[in-house]
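So you can see what is in the structure, the chains are spelled out below.
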Amino acid sequence: RVEFRDPALHEYSGCYEIDPDQEYIKRSVYNSALENSAPAVFAFCDEEKHWVLLQVESDGDNDGGMIQDPCAGDKQLIHSAGTDTYDIWSSFGEPWFSASGEPIGLYFTEEGE
């Protein structure tokens, strides 16, 4: 579960699930759960070497839409500090930033904590 402290990002707080039908640069793509207020996807941007949260259009089936290029900037909401990791979990202890580069407050928890 992801929780954002910034009120502008509250609608993206919630659970994210691995999309079994999609990966990008050999890394999993994580779709927002249907219960989340706004649809979004976590994916890895290989050009910038960071994880990004992308705003996506919802079609109601939780597939998040196909990610063509997570580095395409107009849908990026936030991104992690630079990393080469294959698992998003390893980035949770690192800083995250808004699309404009400002540090943002967020925290990650496992469901049930």
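What counts and how
Residues numbered from 1 in each chain as written. Predicted model: local features only at pLDDT ≥ 70, side-chain atom pairs only at ≥ 80, totals over all residues. Heavy atoms only, no water. Disulfide = S-S within 2.5 Å. Helix = DSSP H or I, 4+ residues; strand = E, 2+ residues; numbered from the N terminus. Buried < 20%, exposed > 50% of the residue type's maximum accessible area, 1.4 Å probe, protein only. Pairing = 2+ DSSP bridges. Phe/Tyr/Trp six-rings, centres within 6.5 Å; stacked < 30°, edge-to-face > 60°.

**Some remarks on the state of the cysteines**
Now for step 1: Within the structure shown, the criterion is met by 1 disulfide.
Now for step 2: Here Cys45 pairs with Cys71 through a disulfide, and the sulfurs are 2.1 Å apart. Residues Cys45 and Cys71 are joined by a disulfide whose S-S torsion is about 115°; by sign, that bridge is right-handed. Taken as a pair, Cys45 in strand β4 (residues 40–45) and Cys71 in the loop between β5 (50–55) and β6 (76–80) lie far apart in primary sequence, 26 residues in all.
Now for step 3: Relative accessible area serves as the criterion here: at 15%, Cys71 is assigned to the buried category.

**Section: the pairing of strand β3 (residues 27–32)**
Now for step 1: In terms of burial, β3 is a largely internal element, 5 of the 6 residues being buried.
Now for step 2: Pairing of strand β2 (residues 16–24) with β3, which is carried by 5 bridges, proceeds in the antiparallel orientation. Bridge pairing links Tyr24 to Arg27 in β3.
Now for step 3: If you look at the hairpin formed by β2 and β3, you'll find 2 residues sitting between the two strands, and Ile25 has a positive phi there, around 55°.

**Overview of the packing of aromatic side chains**
Now for step 1: Summed over the entire model, instances satisfying the criterion amount to 7 aromatic pairs.
Now for step 2: Consider the rings of Tyr16 and Phe42, whose centres lie 4.9 Å apart with planes at 70°: the pair is edge-to-face. On the criterion of sequence distance, the pair formed by Tyr16 in strand β2 and Phe42 in strand β4 is long-range, its members being 26 residues apart.
Now for step 3: Judged by its relative accessible area of 15%, Tyr16 is buried.
Now for step 4: A residue is classified by how much of its surface remains accessible, and Phe42, at 2% relative accessible area, is buried.
Now for step 5: An angle of 10° between the planes, with centres 3.6 Å apart, marks the rings of Phe92 and Phe108 as stacked.

Any link to function would need more than the numbers given here.
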